[in-house]
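Below are the chains, spelled out letter by letter.
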Amino acid sequence: MKTSAAALLIASAAPALADCPIKVGVLHSLSGTMAISETTLKDTMEMLIDQQNAAGGVLGCELEAVVVDPASDWPLFAEKARELLTIHEVDVIFGNWTSVSRKSVLPVIEELNGLLFYPVQYEGEESSKNVFYTGASPNQQAIPATDYFLEELEVEKFALLGTDYVYPRTTNNILESYLKQKGIPEEDIFVNYTPFGHSDWSKIVADVVALGADGKKVGVISTINGDANVGFYKELAAAGISADDIPVVAFSVGEEELSGLDTTNLVGHLAAWNYFQSADTEANSEWIAAWKDRMGEDRVTNDPMEAHYIGFNMWVNAAEAAGTTDVDAVRTAMYGQEFPNLTGGTAVMLPNHHLAKPVLIGEIQEDGQFDIISQTTEVPGDAWTDFLPESAVLTSDWKDLGCGMYNTQTSTCVQIKSNY
């Protein structure tokens, strides 16, 4: 009799909960130019889901991973997101890498009121009601890395090299404005974009070398994405360029990308992330051990994996707090969620759907790992940069203002849907 009453009480406490199992969409490229980076994130999500199921699932239900392959095809991301939400009826989606793929998905998840956790550093200038951005915004990666070049390495000329799509173009637009505000003249900033999968880097590397012909110190800020990085670093090595000559700081190169390269000639070049495998904490040691036990000793961890680790655990805790996987209820429960990050300290979800996370700069070692040479306390992610005039007046606050694009000068919500 008591068991029956308890069962009825549990059933009535969570009327909005979907039938078991709870479905988790995994939207990462398993083929094409971005597979080098994204396949690992699919593997990460499957591990996190298995771990959660071993711990009892969520709300008494098992989790089921629904994996699709958008194949590095940006319009296909939108189709696969619609498939996840309408055919598979997933409760949440973890996915995307490139910003062009995320922007392809945005109209779909906003139309269908889906929920996306996006785990990769990006250009900011966006805040969707239906996305939690667990990777870095520019003030948590690009700006601190540029400051490191200016202040620690005394770089005087900058080569901004990127893949030709929205993330590098917007990030470099922000960095050009920032550098000029810091007194770097326009003629000392070289900007170049190449297609996805670009392989012939000889002329571009020669142009970068020529930038320093007057003796001024040159630094490269790289927003090159995907397998194009392989050719870029090989060309640097072939040209005999060391980190002492022309340092490179990358925003899209982590341990996974380096695992496929001969890093002998890359020692000393840098990357800026919020996590490195080399972080010396107990939580990170446990995470690495679990990953290698599952995937093999040669598999490495990286920053977007940690972002999924944080985002997934926050989603689990928010669903448990809300008593349902309903998107609106989970969104409300997400604000203020805290979860220990793997580098020490605590990640916090802000009302602008971004995390407060530490900024780390790492130096490439011969073994393909990073020596952490700089680490900050938690930096709150900023959806709208302070370094573009049109963005400096904007703020995002979904918790109290119900707006991701709020003009602080006019005290008005510019728009709700992210069709910018």
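- Under an unreviewed UniProt entry, the name given to the protein chain is Urea ABC transporter substrate-binding protein, and the source organism is Sulfitobacter sediminilitoris.

## Overview of the packing of aromatic side chains
For step 1, the next point in the chain: Inspection of every chain in the model, using the stated rule, returns 19 aromatic pairs.
For step 2, the next point in the chain: On the numbers, 6.4 Å between centres and 85 degrees between planes, the contact of Phe94 with Trp315 is edge-to-face. Taken together, the positions of Phe94 in strand E3 (residues 92–95) and Trp315 in helix H11 (residues 303–322) put the pair 221 residues apart, joining distant regions of the chain. The same class applies to Phe94 as to Trp315, namely buried.
For step 3, the next point in the chain: Between the aromatic rings of Phe132 and Tyr335, the centroid separation amounts to 6.4 Å while the plane-to-plane angle is 55 degrees, which identifies the pairing as tilted. Here Tyr335 lies in the loop between helix H12 (327–334) and strand E11 (338–340) and Phe132 lies in strand E5 (residues 131–133), a separation of 203 residues in the sequence.

## Some words on the side chain of Asn96
For step 1, the next point in the chain: Tracing the chain through its elements places Asn96 in the loop between E3 and helix H4 (99–112).
For step 2, the next point in the chain: Reaching out from Asn96, the side chain makes a polar contact with the side chain of Ser101 at a distance of 3.1 Å.
For step 3, the next point in the chain: If we ignore the near neighbours within four places in the chain, the residues touching Asn96 are Leu27, His28, Glu38, Phe77, Ser101, Arg102, Val105, Leu116, Tyr118, Pro119 and Val120.

## A look at the state of the cysteines
For step 1, the next point in the chain: Using the criterion set out here, one finds 2 disulfides in the structure.
For step 2, the next point in the chain: What pairs with Cys20 in a disulfide is Cys61, and their sulfur atoms sit 1.9 Å apart. With the S-S dihedral at roughly -65 degrees, the linkage between Cys20 and Cys61 falls on the left-handed side. You can see Cys20 sitting in the loop between helix H1 (2–13) and strand E1 (22–27) and its partner Cys61 sitting in the loop between helix H2 (35–54) and strand E2 (63–68), a full 41 residues away along the chain.
For step 3, the next point in the chain: Covalent S-S linkage joins Cys403 and Cys413, the inter-sulfur distance amounting to 2.1 Å. The sign of the S-S torsion, about 90 degrees, decides the handedness of the disulfide formed by Cys403 and Cys413: right-handed. With Cys403 in strand E18 (residues 403–407) and Cys413 in strand E19 (residues 412–413), this pair connects stretches of sequence that are 10 residues apart.
For step 4, the next point in the chain: Overall, the relative accessible area of 0% leaves Cys403 in the buried class.
For step 5, the next point in the chain: Counting only the cysteines that take part in disulfides, in the order they occur along the protein chain, gives the pairing 1-2, 3-4.

## A word on the sheet that holds strand E13 (residues 355–357)
For step 1, the next point in the chain: The 4 strands are arranged E11-E12-E13-E16 in an open sheet whose pairing can be described as antiparallel. The open sheet terminates on both sides in strands that have one partner only, identified here as E11 and strand E16 (379–380).
For step 2, the next point in the chain: Note that E11 and strand E12 (residues 346–349) share 3 bridges and pair antiparallel. Counterpart to Phe339 in the pairing with E12 is Ala347.
For step 3, the next point in the chain: Running over the sheet, H11 touches E11, E12 and E13 and is turned about 135 degrees from E11.

## Structural notes on the pairing of strand E17 (residues 394–397)
For step 1, the next point in the chain: Of the strand pairs in this sheet, E17 and E18 are connected by 3 bridges, and their pairing is antiparallel. Along E18, the bridge assignment pairs Thr395 with Tyr406.
For step 2, the next point in the chain: Turn length for the E17-E18 hairpin, with the two strands adjacent in sequence and antiparallel, is 5 residues, and the turn residue Gly402 shows positive phi of about 65 degrees.

## A short note on the domain arrangement of the protein chain
For step 1, the next point in the chain: When its domains are assigned, the protein chain resolves into domain 1 (22–137 + 280–358) and domain 2 (142–250).
For step 2, the next point in the chain: Taking the mean C-alpha position of each, domain 1 and domain 2 sit 30 Å from one another.
For step 3, the next point in the chain: Facing 13 residues of domain 1, the contacting portion of domain 2 comprises 12 residues.
For step 4, the next point in the chain: Together, the buried faces of domain 1 and domain 2 total about 990 Å²; carbon and sulfur atoms form 69% of this surface.
For step 5, the next point in the chain: Connecting domain 1 to domain 2 are 2 residue pairs in polar contact (both at pLDDT 80 or more).
For step 6, the next point in the chain: It is H4 that provides the largest number of residues to the side of domain 1 that touches domain 2, a total of 3 residues.

## Notes on the nonpolar core
Buried together is how nonpolar side chains tend to be arranged in soluble globular proteins.
For step 1, the next point in the chain: Ranked by internal contacts, the top residues of the largest apolar core, which has 62 residues, are Phe312 and Trp315.
For step 2, the next point in the chain: Sequence-distant contacts of Trp315, defined by excluding residues within four places in its chain, comprise Ile22, Val24, Val58, Leu63, Val92, Phe94, Leu115, Phe117, Thr325, Val330 and Met334.
For step 3, the next point in the chain: Of all hydrophobic cores here, the second largest spans 29 residues; its members include Leu161, Phe190, Ile224 and Phe232.

## Some remarks on helix H6 (residues 166–181)
For step 1, the next point in the chain: Taking 1.5 Å per residue as the helical rise, H6 with its 16 residues ought to reach 22 Å, and the 23 Å between its terminal C-alpha atoms agrees with that figure.
For step 2, the next point in the chain: Among all positions in H6, only Tyr167, Pro168, Thr170, Thr171, Asn172, Ile174, Leu175, Ser177, Tyr178 and Leu179 are buried.
For step 3, the next point in the chain: Next to the buried residues of H6 lie H4, helix H5 (142–151), strand E6 (157–163), strand E7 (189–194) and strand E8 (218–223).
For step 4, the next point in the chain: Backbone geometry just after H6 places Gly183 at a positive phi near 95 degrees.

## Quick look at the packing of helix H3 (residues 74–86) against H4
For step 1, the next point in the chain: Their axes nearest at 8 Å, the elements H3 and H4 cross at an angle of 30 degrees. Classified by the interaxial angle, the pair formed by H3 and H4 is roughly parallel. With respect to the hand of their crossing, H3 and H4 are arranged in right-handed fashion. Of H4, the residues touching H3 (which contributes Trp74, Pro75, Phe77, Ala78, Ala81, Arg82, Leu85 and Thr86) are Val100, Ser101, Ser104, Val105, Val108, Ile109, Glu111 and Leu112.
For step 2, the next point in the chain: Of the residues assigned to the contact of H3 with H4, the class counts are 11 nonpolar, 3 polar and 2 charged.

Reading the values: rules and limits
Each chain has its residues counted from 1, following the order in which its sequence is written. Reporting of local features is limited, given that this is a predicted model, to residues whose pLDDT is at least 70; pairs of side-chain atoms are given and counted only at 80 or more, and all residues count toward the totals for whole chains, interfaces and linings. The side-chain numbers reported here are obtained from all heavy atoms of the structure, hydrogens and water having been left aside. A pair of aromatic rings is counted whenever rings of Phe, Tyr or Trp (Trp by its six-membered ring) have centres within 6.5 Å, and the orientation is called stacked for planes under 30 degrees apart, edge-to-face for over 60 and tilted otherwise. Put simply, DSSP H or I for four residues or longer makes a helix, DSSP E for two residues or longer makes a strand, and each gets a number counted from the N terminus. Three labels apply to residues, based on accessible area from a 1.4 Å probe with only protein chains included: buried if under 20% of the type maximum, exposed if over 50%, partly exposed otherwise in between. Within 3.5 Å is the distance limit for a polar contact, defined as a pair of N or O atoms, with the added protein rule that one can donate a hydrogen and the other accept it, and that residues adjacent in sequence qualify only through two side-chain atoms. Throughout, a contact is declared for two residues whenever any of their heavy atoms are within 4.5 Å. Our working definition of a disulfide is a cysteine sulfur pair at a distance within 2.5 Å. When DSSP finds at least two bridges between two strands, those strands are taken to pair. Every angle, taken between N-to-C directions, lies between 0 and 180 degrees, and every axis is a line fitted to C-alpha atoms, over only the stretch in contact when it is a helix. Domain borders in the structure are assigned automatically or taken from a domain database. Buried area adds together the accessible area that both of two parts lose upon being put together, with accessible area traced by a 1.4 Å probe. Grouping buried Ala, Val, Leu, Ile, Met, Phe, Trp, Tyr and Cys residues that are joined through side-chain atoms within 4.5 Å yields what is termed a nonpolar core. Residue count minus one, scaled by 1.5 Å, sets the expected span of a helix. In what follows, roughly perpendicular refers to angles from 65 to 115 degrees, roughly parallel to angles under 35, roughly antiparallel to angles over 145, and oblique to any angle outside these ranges. Two helices cross in a left-handed way if the nearer one is turned anticlockwise from the farther one by less than a right angle. They cross in a right-handed way if the turn is clockwise. Classification used: nonpolar for Ala, Val, Leu, Ile, Met, Phe, Trp, Tyr, Cys and Pro, charged for Asp, Glu, Lys and Arg, polar for all others including Gly.

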